[in-house]
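The primary structure of each chain is shown beneath.
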Amino acid sequence: MFRVMRCGLAALLLALASAGAAANTSSVFSPDVDDGEREFEYRASYVPEDGAIESAFSHRLHYQHAFDDTWRIRLIGSQNRRGDNSLTYNYTRLELQQQYLEDEKHGWDAAVRYELQISDRSDRPDRVRLAWTAKWDINEDWQLRGNVLLGRQFGENAGSGALVETRSQITRKLGSLRLGLEMFNDLNRTTDFGDWEEQGRQIGPVVKFRAGNLSVFGSYLVGVSSSAEDENFRMLLTYPL
């Protein structure tokens, strides 16, 4: 089943793009699940060449469908490219999100997400992951989000321990825009966290707005640890069906 999904997603991604770093296509994702929601999302991320590291480009395509106000499923296909190499298919991921707190009743939103990621190559490990997300609307203008993610690799060349990540975002509504700041922290593994410089830490500004039915997200991240890329340009486009 995953082979069929992978081939289909790869064809779509190749149609969209003619186009030692890793381009970050992740987001500080919301806990919101809305009944009847059906969306396509395209994400692209670029890391420019910087001395010792090659340039990197990653992009991915999502389709998500909410069954009700609690459960939503999402299918993801991802490709990447390093330097002058050709785009290669990276992985297929299946996500199931469960919202268990609603702002209207509890004062804030929260959800858990269950993930299964299958690598395209037999020598790369697959992964399962459990993610927690929360969102707090401080007032009509300010919003705070946070994510905690725990993953475990399995299969060929799987690493030991659990993979740990945290993400955070604060934004403010300004007219038709929402501006803010977000941070990503790749804390490595529970068997070897390492120090600050050995962890992948990025921070930078974000902008969100709507263009008709299209939701647009732009982000620029800078590395604040030695293990993170110095610069990362990112774009997310979401279109409801």
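Structure: above.
Residues numbered from 1 in each chain as written. Predicted model: local features only at pLDDT ≥ 70, side-chain atom pairs only at ≥ 80, totals over all residues. Heavy atoms only, no water.

Quick notes on the overall build of the protein
In terms of helices and strands, the protein carries two helices and 12 strands. Beginning at the N terminus, the succession of helices and strands in the protein can be written as α-β-β-β-β-α-β-β-β-β-β-β-β-β. Here the C-alpha atoms of the protein give a radius of gyration of 18 Å, agreeing with the 18 Å that 2.2 N^0.38 yields for 241 residues. Principal-axis analysis of the C-alpha atoms gives the protein an extent of 45 × 40 × 40 Å. Counting every position in the protein, which comprises 241 residues, the buried fraction comes to 46%. (Helix = DSSP H or I, 4+ residues; strand = E, 2+ residues; numbered from the N terminus. Rg over C-alpha atoms; globule rule 2.2 N^0.38 Å. Buried < 20%, exposed > 50% of the residue type's maximum accessible area, 1.4 Å probe, protein only.)

Some points on the sheet that holds strand β5 (residues 109-119)
Pairing within the closed barrel is antiparallel, and its 12 strands lie in the order β1-β2-β3-β4-β5-β6-β7-β8-β9-β10-β11-β12. If you compare each strand with its neighbour and ignore which way they point, the axes differ by 20° on average. Across 11 bridges, strand β2 (residues 56-66) lies against strand β3 (residues 71-82) in antiparallel orientation. When the bridges of β3 are listed, H59 appears paired with Q79. (Pairing = 2+ DSSP bridges. Axes fitted to C-alpha atoms, helices over the stretch in contact; angles between N-to-C directions.)

Considerations on a nonpolar patch on the surface
Taken together, Y100, W108, W132, W136, I138, W142, L144, V148, L150, I170 and L181 make up a surface patch of nonpolar side chains, about 950 Å² in accessible area. Breaking the nonpolar patch down by element, the ones donating at least two residues are β6 (126-137) and β7 (142-154). Topologically, I170 is positioned in strand β8 (residues 163-174). For I170, a relative accessible area of 33% puts it in the partly exposed group. (Patch = residues over 30% accessible without salt bridge, like charges linked within 9 Å, V, L, I, M, F, W, Y side chains within 5 Å. Areas by Shrake-Rupley, 256 points an atom, 1.4 Å probe, with all protein chains shown as cover. Salt bridge = Lys/Arg side-chain N within 4 Å of Asp/Glu carboxyl O.)

With respect to unusual backbone geometry
In this structure, N157 takes a positive phi of about 60° despite not being glycine. With respect to the secondary-structure elements, N157 resides in the loop between β7 and β8.

Points about the side chain of T133
Position of T133 relative to the elements: it lies in strand β6. Accessibility expressed as a relative area gives 0% for T133, which makes it buried. If we skip the residues at most four places from it in the chain, T133 touches F29, S30, P31, D109, A110, A111, G146 and N147. (Contact = heavy atoms within 4.5 Å.)

Here we look at empty space enclosed by the protein
Space inside the largest cavity adds up to approximately 50 Å³. If you go around the largest cavity, the residues you meet are S26, S27, F29, R43, R60, R74, R93, R113, R129 and R167. Its residues assigned to classes, the lining of the largest cavity comprises one nonpolar, two polar and seven charged. Volume-wise, the second largest cavity comes out at about 30 Å³. What lines the second largest cavity is R72, R74, E95, L96, Q97 and R113. Sorting the residues of the lining of the second largest cavity by element identifies β3 and β4 (88-101) as the ones contributing at least two each. In terms of residue count, the dominant contributor to the lining of the second largest cavity is β4 (three residues). Within the lining of the second largest cavity, the residues separate by chemical class into one nonpolar, one polar and four charged. (1 Å grid on protein atoms, 1.4 Å probe; cavity = no way out; pocket = protein on both sides within 12 Å on 5 of 7 lines; lining within 4 Å. Points joined across faces, edges and corners; volume = space filled by probe spheres on them. Nonpolar A, V, L, I, M, F, W, Y, C, P; charged D, E, K, R; others polar.)

Focus: the environment of R60
The residue R60 is located in strand β2 in this model. Along the primary structure R60 and V224 are separated by 164 residues, whereas in three dimensions their C-alpha atoms are 25 Å apart. A distance of 2.9 Å separates polar atoms of two side chains, one belonging to R60 and the other to H62. (Polar contact = N/O pair within 3.5 Å; in protein donor to acceptor, adjacent residues only side chain to side chain.)

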